[in-house]
Amino acid sequence: MNIEEFQEALFAKGRKAGFTEMEIYYANSRSISVSVLKGEIDAYKIVESGGLSFRGLIGGKMGYSSTERLDDESIDYLLDEAGSNAEVLENEEPEELFAGSERYHSVNTYSASLIKTSPDRLIEAALAMERIALEADHRIDMVRRSAASVSESEVLIVNTKGLNCHRKHSSASASIYVLAKESKDAKETVTGGWFDFSLRSFDDIDLEAVALTGVREAVSKLGANTVQSDNYPVIFRNDAATSLLSSFTSVFSAESVDKGFSRLKGKLGERVAGSNVSIIDDPLMDNVPSSKSFDAEGSATARHELIKDGRLLTFLHNRKTARKTGAANTANAAKGGYKGMVEVSHHNLYIAPGTAALAEIIRGTERGILIVELQGLHAGTNATSGSFSLAAIGYLIEHGEIVRPVNQITVSGNFFELLNGIETIGNDPRFVGSCTSPTLKIGSLSVSGA
Amino acid sequence: MLQERLIVNVLTAALETGGDFAEIFAEDKTSGRLEMVGGVLESSLSGRDYGVGIRILKGNFSVYAYTNDSSEHNLIATARSAAAAIRGSAAGSAVMDLRRTDFDNRHSVEIMPDSSQKKRKIELMRRAHSTAAGFDPCIAQTKIHATNQLQNVLIANTEGLLVQDTRVYTRLGISAVAEDGDQKQSGFSGPGAYAGHEFLEGLDIEEHARTASRIAVTMVKAGFAPSGRLPVIIDNGFGGVLFHEACGHGLESTAVAPGSSVFAGKLGERVASPLVTAVDDGTIANAWGSLNIDDEGARTQRNVLIENGLLKGYLIDRMGSRRMGMPSTGSGRRQSYKFAPASRMNNTFICNGTSTREEIIANTEYGIYAKSMGGGSVNTATSDFNFAVQEAYIIRNGKIAEPVKGATLIGKGIDCLSKIDMVGNNLEHGQGMCGSVSGSLPVNCGQPTIRISEMTVGGRKGE
């Protein structure tokens, strides 16, 4: 069955089973990815898959179920499971389906030709990056992974209230991950990597820059040592700052706030960050991978300022949280994959950039640590309390200059305190995911080493 | 799930361009997840995952393709598009004689999960909520989830293997959040097993709920952990995540075969203190990380990794076996048909030593007692690992003193394993999800109480 036939058969049978409103959320993707190792193709992956989530109103409650198989048997499965899932729900606020927004902004993240990139082109690119990296520096011990891929995906939401939203997205990417050693027999190994992407064409990616940046990321860590445990001014480079921010984005979700998992609860209108901090969610930005014109409920998305000059202006909402708290819906309904419940999440959240270049920030630091990599984010951060304690890799700065690489340290602090202690914000956000930060310099953080 | 004739046709198509091995992994999985927040059942999800993965090998080159459409027409088309990547000379005519392989099922499942158990599960979840919420006035929120999964797999390959298995998983997760003024801390306990609904019925739910709340309440009132190099005692059970990160990932053939692990080329060499013997065992009855057969159809084994400090073995899948010239250890695993298999851990643990927990604590003048561990990660090339301590205390003069929060432990694999200077006699296992190249998988991490003479502890004290 194709998706249209499946949807029609599902809704018809669902009506007979007593569902008064029904919706499908269908997602599928296609991709080709190649990685090479030591001059040979190491892995080649071809993907074509999709999944469908159903939700329906029965007995005044919304039941959910999902399947990856579009056949008659699955129609019964979806309806039975959604029915018994609805029956056991105890939450008081009923969900309802949405007929659609009056108008949607146009967001173009699709290029039909991208998926047609020839696999040979991807193989050639991965081999070229490996070669460039090995030739760039004799200290490159191995290119552990040199990879290229193209993908496209599509989302379709259709419901019995008339909603019919569809979007397509395509992306190409190239990445490298290298191991470096001072000499063949050296005990110390360091790693580094880089990647880039394009939403338009694989040829837009500067492969040489990816390879050479990956090399530089690795070799510049050679000879790293720990530092004395102390409080230091800490500069999180844009990528490290981004990974830190991404661990705490749930604090802006009205759902987390409502359930008591965010310390921002009750702080709307108050100052929660330094006056130099603004945080924005903008799903309509050009050439950003997570841009989209509608959210997981089919509401038209828009740009929202969450924090403006340090003041908390709004949380992120979907239809349910907006109704419950009497706030405006920010169209931030989201699903963790096609299977999940409709929850709340950011689309393209970022800290507004400042004016300083990274080099200037380093020059303005008498003594401090520049962090370029944070590890163990899934375990070493606590979004509820805001605390973090993370293994880090970076460089020691003295008298405005990088003097040596640093490893075997942890950096600890609290996200909510950090928002109030940002001394300088860089001009360098790199929009590669759904959450972005420019370089951030923090006045003082606890660093544990020797 | 798939007819034998169809399997043979697909495998034959897969070898058309000169591949030397092809494999089909078909999966039909149903799963359920209930979530209760603050005593209210807020979400109930059911899903069916279905798809087929086709892998073709030629020497060290591997192609992987997957699809949801298991019609013969589509599977052959998928096999052919994968085979096109091989670009070798025309096929050796593969004559396949599929032999259905049987094995002894080591894991008894008494009550298969199905949707009729939802209401009973909710009763059990409510008990967890009541105990956790009533533990202390500081407990401000609870989140309980119950998950179950029934995974049917069929694996067939051009060596004639044809095998099917049904894997059943059940888990309860209890999170408690404690509040004290502006402070918030959470605690977690998440028991799980390769078992059916009977696992929940037999579980001491109240004990796990109290554990989650105890951690949250203790930590919300705790000061910050100190920073610096200190002796660290890691308690038994999920504390084994230390070995999992510090060593286990570095023994996987994915890292060893290309020579990108610090453990590569070190078989027979000393990589840990003589007190350390460590094992990865995929055969333990009903254990969370166990399997009858791995996701390449090989029987799981008990693999000795380190014996008295000497490196004895690696964790090897089919591709690792080719690259390293060593047999598979039954360690090829994948989250689903969407992943090519890779060498992964099952139930990994440090074996019992001779000390008691009390002796280890009494012998420590000053240090950190990590009673309950969070998760961690490792870079297998550098062996830099890190993990978070969920519940920690200071040890002073051989006694457990005040609790401390926010401790992270970091180190390097062999260096850390060499500094294990006391090993307890109280081996236990804890359950976790391990994320790596072939997806997120259930694993046990286990150990007795151990002491590491010196580790870098990252805390915030002195700020």
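Worth saying up front: this structure is predicted, and the values here are computed from it rather than measured. (Residues numbered from 1 in each chain as written. Chains lettered and ligands numbered in written order. Predicted model: local features only at pLDDT ≥ 70, side-chain atom pairs only at ≥ 80, totals over all residues. Heavy atoms only, no water.)

Chemist: When you look at unusual backbone geometry in this model, what are you seeing that I'm missing?
Modeler: The phi angle of most residues is negative, glycine excepted, and most peptide bonds adopt the trans form. The phi dihedral of K38(A) is positive, around 55 degrees, even though this residue is not glycine. Among the structural elements, K38(A) can be located in the loop between β1 (21-37) and β2 (40-58). K38(A) gets classed as exposed once you look at its relative accessible area, which sits at 53%. With a phi close to 45 degrees, N308(B) is a non-glycine residue in the positive phi region. Secondary-structure assignment places N308(B) in the loop between β12 (302-307) and β13 (310-311). (Helix = DSSP H or I, 4+ residues; strand = E, 2+ residues; numbered from the N terminus. Buried < 20%, exposed > 50% of the residue type's maximum accessible area, 1.4 Å probe, protein only.)

Chemist: Help me out: how do you make sense of empty space enclosed by the protein in this one?
Modeler: For the structure on display, the rule yields four cavities of 30 Å³ or more. Lining the largest cavity, in full, are T189(A), V190(A), T191(A), K221(A), A224(A), I393(A), N407(A), N379(B), T382(B) and D384(B). The residue inventory of the lining of the largest cavity, partitioned by class, reads three nonpolar, five polar and two charged. (1 Å grid on protein atoms, 1.4 Å probe; cavity = no way out; pocket = protein on both sides within 12 Å on 5 of 7 lines; lining within 4 Å. Points joined across faces, edges and corners; volume = space filled by probe spheres on them. Nonpolar A, V, L, I, M, F, W, Y, C, P; charged D, E, K, R; others polar.)

Chemist: Explanation requested: the sheet that holds strand β11 (residues 278-281) of chain B in the structure shown.
Modeler: Residues and elements named next belong to chain B. Spatially, the six strands line up as an open sheet ordered β13-β12-β11-β16-β23-β22, and their pairing is mixed. Two strands bound the open sheet, and with one partner strand each, they are β13 and β22 (428-436). Here three bridges tie β11 to strand β16 (residues 347-350), and the two strands are oriented antiparallel to one another. Note that in β16 the partner of D280 across the bridge is T348. (Pairing = 2+ DSSP bridges.)

Chemist: Just to check I follow, could you spell out the UniProt feature "domain: Metalloprotease TldD/E central" (unreviewed entry) in chain A for this structure?
Modeler: Taking the UniProt record as the reference, the feature "domain: Metalloprotease TldD/E central" (unreviewed entry) is found at residues 116-222 of chain A. For residues 116-222 of chain A, the end-to-end C-alpha separation is 40 Å, with 29% helix and 43% strand making up the annotated structure. (UniProt positions renumbered as here; feature names shortened; annotations may be inferred.)

Chemist: Would you explain the sheet that holds strand β13 (residues 349-351) of chain A in this entry?
Modeler: Either a parallel or an antiparallel arrangement is found when strands of a sheet pair, and the pairing is made through backbone hydrogen bonds. Residues and elements named next belong to chain A. Here we have five strands laid out as an open sheet, ordered β10-β9-β8-β13-β18, and mixed in their pairing. Because the sheet does not close on itself, it has two edges, and the strands there are β10 (311-312) and β18 (435-436). Across two bridges, β13 lies against β18 in parallel orientation. What sits directly across from L349, in β18, is C435.

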